[in-house]
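# Descriptive analysis of the structure
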Amino acid sequence: MNIQRFIAPTAREALDKARAVFGDHTLILSNRPTANGVEVMATAEDALGNLDQGSQTSPGLMAAIQAREADETRAPKQAPKAPIRMDALLQQMPKPVVKANPRQSVAEDTEQLAMSTLSFQDYVRERMLRRRNEEMTGEVAPETMPTFARKNRLDAVRDSAPLPKAPSVLKHNPLRGLAVELPAEQPRKTAVAAPAAAPALLNELQSVKDLIEERFNTLTWMNQTRANPLHSNLMLKLIRSGYSPALSRTIMERLPQDAGPADAMKWLVKVLERNLRTDSAEAPIWDKGGVFALVGSTGVGKTTTAAKLAALCAAKHGPNNVGLITLDTYRVGGHEQLRAYGRMLGVVAHLAHDKAALQDLLGLLAGKKMVIIDTTGVAPRDPRKDDILEVLDLPGIERLLVANAGAHGDTLDEALAAFKRVGCKQAILSKVDEAVKLAPALDALIRHQLVLRGITNGQRVPEDFARANANELVATSMRAHTKSAFDPSTLDMDFYFTESSSGMAHGALHA
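Residues numbered from 1 in each chain as written. Predicted model: local features only at pLDDT ≥ 70, side-chain atom pairs only at ≥ 80, totals over all residues. Heavy atoms only, no water.

### So, the overall build of the protein
Secondary structure assignment for the protein yields 18 helices and 12 strands. Within the protein, the fraction of its 511 residues that count as buried is 41%. Working note: accessible area of the protein is about 29200 Å², and carbon and sulfur atoms make up 56% of it. (Helix = DSSP H or I, 4+ residues; strand = E, 2+ residues; numbered from the N terminus. Buried < 20%, exposed > 50% of the residue type's maximum accessible area, 1.4 Å probe, protein only. Areas by Shrake-Rupley, 256 points an atom, 1.4 Å probe, with all protein chains shown as cover.)

Below you can see the structure in the form of structure tokens.
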């Protein structure tokens, strides 16, 4: 093989020298910058046919490779380029020349090109044989070995392709849970998990919104009370009387702005009276008659209240028009206590163990003016409450809640809420004589809107039973009491301002 090296100040001049020697069929093997200019190694395509005679490297090629390796140790070299034609090289002249690492050897260059010296000779031999075959047969055979031009195109495509995205590294944050990203192969699981998290997010946003509204409402209310001291005084009086801050604020928000102290107090009392539902405009419960089941917590006085109602009805309509039934089989002596009251009134007290027995007794006492059913006391949070009260699920039975007027406001609120859910729409306040403050009981009745059918204020039967009078009850609740450690001071009023809608439904209070 005849391989020559041409050195010129520019690449174009070096190519012109090579073309002058080998003609138009010049094959450029490599070009690189040197200290004297640009070096181009070229040969003629016809000269490559001599490689068919053997696979040994020609002395000229070996000498050129050794000379190039010796020069690379003195000057930086450029990565060898693929052999291309003269016209293709002229089109690529404006492109910059990429310099290779000066420490690379010829062996590394050939390894970078994925072709050793022997494979290069095989490539040249295969190419010459393919060209001769094409000239003889006139067919163009497909290229089975990669050419330098194809390899350059593949390298360019590989270099221009985007790098694969590195997997995201999760950073540990001690203030929140570790967030694990699902892989792209699981889009369905991610889509299913998103709706499950949406309600929790909405609840968090709603809680933040409620908190902000509560704070703004509190600031507005505090500014209003400082501007109008009458509001603060009336609010303090309501809370000291035992009314809840929720109800007190709801009422004070509707106070007329131009009302004086006396008129404001009268307006306040009237509002409480109108919102306390009683049966004062109707006939007494013992005159109307019916089947009433007294329910409530343990120890609130259901049996004594049943005896008082039976005595009042017997006094008005006679003992023959009164029926007594007890379901209290849990408490020791419960049946005997009601039976003792019945003997004093001349009324027989019956015992029902289950729903079927109660239904039979109600059929037996169907002609009575009033039938009173004494039930087992059950706490509002007792899991047996629904099973015990399920016996009363019979037509014609009205449930009458008996509540202790002296209980704490939270206890009354829980009892009224629990029994209201099982059908109680009316109530009787017992032990009014033991209550230091009557306002908590009235507050719970107003907020839950239960009809008050009467009050009991002692153990005497039937003298200590009275009809509910809203005017007297509200007046009693607003009277001044002795100083208590539980009464708030003026400085403590800021802690009582809460959102009014949390304690009462919108529109439930009629000012």
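### Brief notes about the pattern of salt bridges
A full pass over the atoms with the stated rule returns 14 salt bridges. The closest approach of N and O atoms between R249 and E253, which form a salt bridge, is 3.2 Å. The class for R249 is buried, based on a relative accessible area of 4%. Overall, E253 belongs to the partly exposed group, its relative accessible area being 39%. (Salt bridge = Lys/Arg side-chain N within 4 Å of Asp/Glu carboxyl O.)

### With respect to the sheet that holds strand β11 (residues 451-456)
The mixed open sheet is built from 8 strands, whose spatial order is β7-β6-β8-β5-β9-β10-β11-β12. Both outer strands of the open sheet, β7 (349-351) and β12 (465-466), are each paired with one neighbouring strand and no more. With 5 bridges joining them, strand β5 (residues 290-295) and strand β8 (residues 370-374) adopt parallel strand pairing. Pairing of L294 across the sheet is with D374, part of β8. (Pairing = 2+ DSSP bridges.)

### Brief notes about the pairing of strand β10 (residues 426-430)
With 5 of 5 residues buried, β10 is to be regarded as a mostly interior element. Because side chains alternate across β10, one face comprises the buried residues Q426, I428 and S430, and the other comprises A427 and L429, equally buried. With 5 bridges connecting them, strand β9 (residues 397-404) and β10 associate as parallel partners. Its bridge partner being in β10, L400 is matched across the sheet by Q426. Pairing geometry for β10 and β11, over 4 bridges, is parallel. Paired with L429 across the two strands is I455, which belongs to β11. Assessed by its sense of winding, the connection that carries the chain from β10 through helix α17 (residues 439-448) to β11 is right-handed. (Right-handed = clockwise from strand over helix to strand, strands pointing away.)

### Overview of the environment of V474
If you trace the backbone, V474 turns up in helix α18 (residues 470-478). By relative accessible area, which is 1% here, V474 ends up buried. Distance from V474 to L438, taken between C-alpha atoms, is 8.4 Å for residues 36 residues apart in sequence. Dropping the residues within four chain positions of it, V474 is found in contact with Y243, V269, L272, E273, L276 and L442. (Contact = heavy atoms within 4.5 Å.)

### Side note on the packing of helix α16 (residues 409-420) against α17
What describes two packed helices is the angle between their axes and the distance between those same axes. Look at α16 against α17: their axes get within 9 Å of each other, and the N-to-C directions meet at 30°. Regarding α16 and α17, the two cross each other, and that crossing is right-handed. Across the interface between the two elements, G409, L412, D413, L416, A417 and K420 from α16 touch P440, A441, A444, L445, R447 and H448 from α17. Of the residues in the contact of α16 with α17, the class split is 7 nonpolar, 2 polar and 3 charged. (Axes fitted to C-alpha atoms, helices over the stretch in contact; angles between N-to-C directions. Left-handed = near helix turned anticlockwise from the far one by under 90°. Nonpolar A, V, L, I, M, F, W, Y, C, P; charged D, E, K, R; others polar.)

### Overview of the nonpolar core
Among the nonpolar cores identified, the biggest contains 63 residues, and Y243, I325, L358, L362, I373 and L429 are the most heavily contacted of them. Other than its neighbours up to four places away in sequence, I325 contacts L338, H350, A352, L358, L361, L362, L365, V371, I372, I373 and D374. Membership of the second largest hydrophobic core comes to 22 residues, among which are W286, L312, L324 and M370. (Core = buried A, V, L, I, M, F, W, Y, C linked by side-chain atoms within 4.5 Å.)

### Quick notes on the packing of aromatic side chains
Tallied over the full model, the rule gives 2 aromatic pairs. Both rings, one in F6 and one in F22, keep their centres 6.2 Å apart while their planes meet at 90°; by these two values the pair is edge-to-face. Of this pair, F6 sits in strand β1 (residues 3-8) while F22 is found in helix α1 (residues 11-22), placing the two residues 16 residues apart along the sequence. Since its relative accessible area comes to 14%, F22 is described here as buried. On the numbers, 6.0 Å between centres and 75° between planes, the contact of W286 with F465 is edge-to-face. Taken together, the residues span a long stretch of sequence, with W286 in helix α11 (residues 285-288) and F465 in strand β12 at a distance of 179 residues. Side by side, W286 and F465 carry an identical accessibility label, which is buried. (Phe/Tyr/Trp six-rings, centres within 6.5 Å; stacked < 30°, edge-to-face > 60°.)

### A short note on the confidence of the model for the protein
This prediction gives the protein a mean pLDDT of 75; 64% of its residues lie at or above 70. The spread of mean pLDDT over the elements of the protein runs between helix α4 (residues 106-112), the lowest at 50, and β10, the highest at 94. Under a pLDDT of 50 for its full length, residues 140-148 has, in the predicted model, 18 contacts with residues more than four places off or in other chains. Contacts from residues 166-192, a stretch scored under 50 in pLDDT, to residues over four places away or in other chains number 6 contacts. (pLDDT = per-residue confidence, 0-100.)

### Examining the side chain of S297
Looking at the element boundaries, S297 is found in the loop between β5 and α12 (302-317). Residue classification places S297 among the buried positions, given a relative accessible area of 17%. The residues touching S297, leaving out its near neighbours within four places in the chain, are K302, G377, V378, A379, P380 and F419.

### Concerning unusual backbone geometry
With the exception of glycine, most residues fall at negative phi, and the peptide bonds are largely trans. Residue P462 is reached from V461 by a cis peptide bond, and omega for that bond is -5°. Among the secondary structure elements, P462 is positioned in the loop between β11 and β12. Despite not being glycine, Q449 has its phi angle at roughly 55°, a positive value. Relative to the assigned elements, Q449 resides in the loop between α17 and β11. Relative accessible area serves as the criterion here: at 24%, Q449 is assigned to the partly exposed category.

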